[in-house]
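# Structural features, examined
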Amino acid sequence: MISVQEAEAIIQAQVRDFGTEQLPFEKTLGRVLAEDLRTDRDLPPFNRVAMDGIAIRYEDFATGTRTFRIKGTQAAGDSPIEISSPDECVEIMTGAALPPSVDTVIRYEDLELHDGQAKVKIDALQKGQSIHTQGKDRKQGEVVATANQTVNVALVGMAAAVGATQLTVKKLPRTVVISTGDELVDVNQNPSPYQIRRSNSYMVKAALEKYGLQADLLHIADDQSQLKARLQDCLERYDVLILSGGISMGKFDYVPQVLEELAVEKLFHKVQQRPGKPFWFGVHAGGAVVFALPGNPGSTFMCLHRYFMPWLQACLGIARQAGMYAVLNSDFSFQPPLQYFLQVKLNISEQGQLLATPLEGNGSGDFSNLVEADAFLELPAEGSAFQKGEVYRVWPFKEVG
Ligand SMILES: Nc1nc2c(c(=O)[nH]1)N[C@H]1C(S)=C(S)[C@@H](COP(=O)(O)OP(=O)(O)OC[C@H]3O[C@@H](n4cnc5c(N)ncnc54)[C@H](O)[C@@H]3O)O[C@H]1N2
Ligand code: MOO
Ligand SMILES: [Mg+2]
């Protein structure tokens, strides 16, 4: 049986490039940029007034003028009002473009306004104060986001600011999430006492949405000929098949055999790990990649995050994060020589250490703790007794914090 590291290497060798596409920028959250995003103008595009008040020429204040006649009021978006004598000022609002005849802004809090005059109450000013100067943040044509960056909320705002209404992003693989098993009913159906709902399919679909990937869902009965026909169709129509269930030793676990009959080359079956030991992985002659994950919900979840998500990230060109590590926060022991993925809750100690507290469950059929857990702690196959305070690799599946 291969190790976790070998399985990972085999999967990473099957990374594919799915090309690029253009999308309206509002539809790109979670997608990966395929080109640099540049400013179309300086940022800010003009000398932007940063406080509500008046704008004066600093020179006039420096030579003793304290009371300024208000030449006019300039709102944000108005064309600039120019002063024409040393005792004049412009009443001006935050966001207005500073007129070239003035160079310093004084906020209302430091003024007394009456009869069309503004009297300065303070003794010292800095030339150029309260002005966000043109191009200070970025110059025209400068890069504000680089290719391979995931579009986040701030990036959507930046695209809007620079007028990039269409963004070129990495295309996502056409993906189908397939459940197998006659005990499974859809969420809208009423399960009999011997049936359960197809929760894996929805869990997998939800995980993929983080990258904007909208997978199709399909259920196939435990019937060899149906399985063969439906999988054949999927292998032609999709880039990726994610199956859950039907890959172990059961009499009705037809998936591995049927996949091989359909010319999907098996690259491995079974990994030295718990949960997720029966994991099957292969590629179709036509190019489709097949992740056949074990049906137990804890196994499906773990294999998805430990193998599929890093593969997808690599396909999309997302820079691989350096491994993250956490401190085991209580003793844990585990007998067989398998790499153990322990569900943990993460928190950061007063010393700034990332602590991983085990959430012990009832094996991979128990997924009740996953809602509360933050990550898997990867305990090496070589050990069996793991002590509080030891440090291991951690695979977060939620935001830390
Ligand atoms: N004789 C052996 N039996 C089993 C072994 C073994 O080595 N020898 N391995 C066990 C391990 S480990 C796992 S994991 C499971 C994997 O089983 P399969 O991948 O064949 O999955 P199924 O048999 O179809 O189902 C297992 C379990 O998961 C539930 N399931 C399946 N699909 C879904 C879904 N979409 N949503 C929710 N739950 C699902 C299913 O009802 C079963 O309870 O095999 C062990 N057996
Ligand atoms: O892989 Mo199984 O998930 O150990 O139960
Ligand atoms: Mg089975």
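Residues numbered from 1 in each chain as written. Chains lettered and ligands numbered in written order. Predicted model: local features only at pLDDT ≥ 70, side-chain atom pairs only at ≥ 80, totals over all residues. Heavy atoms only, no water.

Under an unreviewed UniProt entry, the name given to the protein is Molybdopterin molybdenumtransferase, and the source organism is Pontibacter lucknowensis. In UniProt, the protein has this text filed under Pathway (unreviewed entry): "Cofactor biosynthesis; molybdopterin biosynthesis." Turning to the protein, the UniProt record has this under Sequence similarities (unreviewed entry): "Belongs to the MoeA family." (UniProt positions renumbered as here; feature names shortened; annotations may be inferred.)

### Some thoughts on the packing of helix α1 (residues 4-12) against helix α7 (residues 297-316)
Interhelical geometry of α1 versus α7 gives an angle of 35° and a closest axis separation of 10 Å. As for how α1 packs across α7, the hand of that crossing is right-handed. In contact with V4, A7, E8, I11 and Q12 of α1, α7 contributes R306, Y307, P310, W311 and A314. Per-class residue counts for the contact of α1 with α7 are seven nonpolar, one polar and two charged. (Axes fitted to C-alpha atoms, helices over the stretch in contact; angles between N-to-C directions. Helix = DSSP H or I, 4+ residues; strand = E, 2+ residues; numbered from the N terminus. Left-handed = near helix turned anticlockwise from the far one by under 90°. Contact = heavy atoms within 4.5 Å. Nonpolar A, V, L, I, M, F, W, Y, C, P; charged D, E, K, R; others polar.)

### Here's the deal with the pattern of salt bridges
A side chain with one charge can pair with a side chain of the opposite charge if their charged atoms come near. Under the criterion given, the structure shown has 13 salt bridges. R198 is the partner of D186 in a salt bridge, and the nearest nitrogen-oxygen pair spans 4.0 Å. With D186 in the loop between β14 (184-185) and β15 (196-197) and R198 in the loop between β15 and α4 (199-209), the pair connects residues that are twelve residues apart, well separated along the chain. R198 carries the same exposure label as D186, and that label is buried. The residue D374 makes a salt bridge to K345 at a minimum N-O spacing of 3.6 Å. Separated by 29 residues along the polypeptide, D374 in the loop between β25 (354-358) and β26 (375-379) and K345 in strand β24 (residues 339-348) bring together distant segments of the chain. Here the salt bridges share partners, and the residues they tie into one network are E8, R306 and E378. (Salt bridge = Lys/Arg side-chain N within 4 Å of Asp/Glu carboxyl O. Buried < 20%, exposed > 50% of the residue type's maximum accessible area, 1.4 Å probe, protein only.)

### Remarks on unusual backbone geometry
For the bond running from L43 to P44, omega is -10°, close enough to zero to count as cis. Inspection of the secondary structure puts P44 in the loop between β2 (37-38) and β3 (48-49). For the peptide bond that leads from R274 to P275, omega is -5°, which places it in the cis range. Relative to the elements of secondary structure, P275 occurs in the loop between β19 (273-274) and β20 (280-284). We note that D115 has phi near 50°; this positive angle belongs to a residue other than glycine. Along the polypeptide, D115 turns up in the loop between β8 (111-114) and β9 (117-120). Backbone geometry places N148, a non-glycine residue, at a positive phi of 80°. For N148, the position within the fold is in the loop between β11 (143-145) and α3 (153-161). By relative accessible area, which is 35% here, N148 ends up partly exposed.

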